Amino acid sequence: MVKKVDHIGIAVNNLEESVNFYEDILGLKLQGVETVEEQKVKVAFLPVGDTEIELLEATTPDSPIAKFIENKGQGVQHIAFRVDDLEKALEEMKKLGIRLIDEKPRYGAGGARIAFLHPKSTNGVLVELCERKG
């Protein structure tokens, strides 16, 4: 079912400062920045091989990223796995007793369709399933 690690989402306080670290210190190149209003987040994309780092900055104090940083501090917020058919993957997860945060796919950064699995069903890790066309 899982094809590869699509991306690793990292919650940050300041997108610009964080991008500087990944570019200047690690040598990655910023591919672009996108604001996803529905998720109240601004995302910077930094490809690494056939996956990418997504830096996530809250756009409002009540966003999931702001709440994550408030509770846990900056750091890895989720790991996203690429799947071919998100609806089918969600059905399979449900049949296997995995608790879903998203019963149906929603829009994610970079044009992806996404859905999250609850960390209580995934050994404490927020897992995102991600489908991309093309």
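Rules used in this analysis
Residues numbered from 1 in each chain as written. Predicted model: local features only at pLDDT ≥ 70, side-chain atom pairs only at ≥ 80, totals over all residues. Heavy atoms only, no water. UniProt positions renumbered as here; feature names shortened; annotations may be inferred. Helix = DSSP H or I, 4+ residues; strand = E, 2+ residues; numbered from the N terminus. Buried < 20%, exposed > 50% of the residue type's maximum accessible area, 1.4 Å probe, protein only. Contact = heavy atoms within 4.5 Å. Areas by Shrake-Rupley, 256 points an atom, 1.4 Å probe, with all protein chains shown as cover. Lys, Arg positive; Asp, Glu negative; His and termini not counted. Charge placed at Lys NZ, Arg CZ, Asp CG, Glu CD. Phe/Tyr/Trp six-rings, centres within 6.5 Å; stacked < 30°, edge-to-face > 60°. Polar contact = N/O pair within 3.5 Å; in protein donor to acceptor, adjacent residues only side chain to side chain.

- Looking up the protein in an unreviewed UniProt entry gives the name Methylmalonyl-CoA epimerase, with the organism given as Lutispora saccharofermentans.
- Comment text from UniProt for the protein, heading Sequence similarities (unreviewed entry), reads "Belongs to the methylmalonyl-CoA epimerase family."

1. Regarding the overall build of the protein
And then number 1: Across its full length, the protein carries 3 helices and 8 strands.
And then number 2: Of the regular secondary structure in the protein, the N- to C-terminal order runs β-α-β-β-β-α-β-α-β-β-β.
And then number 3: If you line up the protein on its principal axes, its C-alpha atoms span 45 × 35 × 25 Å.
And then number 4: Across the 134 residues that make up the protein, the buried fraction comes to 41%.
And then number 5: Here the analysis covers contacts within the protein between residues at least 6 apart in sequence; of these, 53% occur between residues at least 24 apart.
And then number 6: For the protein, the exposed surface amounts to about 7,600 Å²; the carbon and sulfur share of it is 51%.
And then number 7: Between the averaged position of the 18 positive side-chain charges in the protein and that of its 23 negative side-chain charges there is a distance of 7 Å.

2. Some details on the packing of aromatic side chains
And then number 1: Scanning the entire structure with this criterion turns up 1 aromatic pair.
And then number 2: When the ring of phenylalanine 21 is compared with that of tyrosine 22, the centres are 5.1 Å apart and the planes differ by 85 degrees; the resulting orientation is edge-to-face.
And then number 3: A relative accessible area of 14% places tyrosine 22 in the buried class.

3. Focus on the side chain of glutamate 131
And then number 1: When you line up the elements, glutamate 131 lands in strand β8 (residues 127-131).
And then number 2: A polar contact of 2.6 Å, which involves the side chain of glutamate 131, links it to the backbone nitrogen of leucine 86.
And then number 3: Here lysine 133 takes part through its side chain, which lies 2.9 Å from a polar atom of the side chain of glutamate 131.
And then number 4: Once residues lying within four places of it in the same chain are set aside, the contact partners of glutamate 131 are Val83, Asp84, Asp85, Leu86, Glu87, Ala112 and Arg113.

4. A closer look at unusual backbone geometry
And then number 1: Unusually for a residue other than glycine, lysine 40 sits at a positive phi of about 55 degrees.
And then number 2: Its relative accessible area of 29% is what places lysine 40 among the partly exposed residues.
And then number 3: At asparagine 123, a residue that is not glycine, the phi angle is positive and equals roughly 55 degrees.

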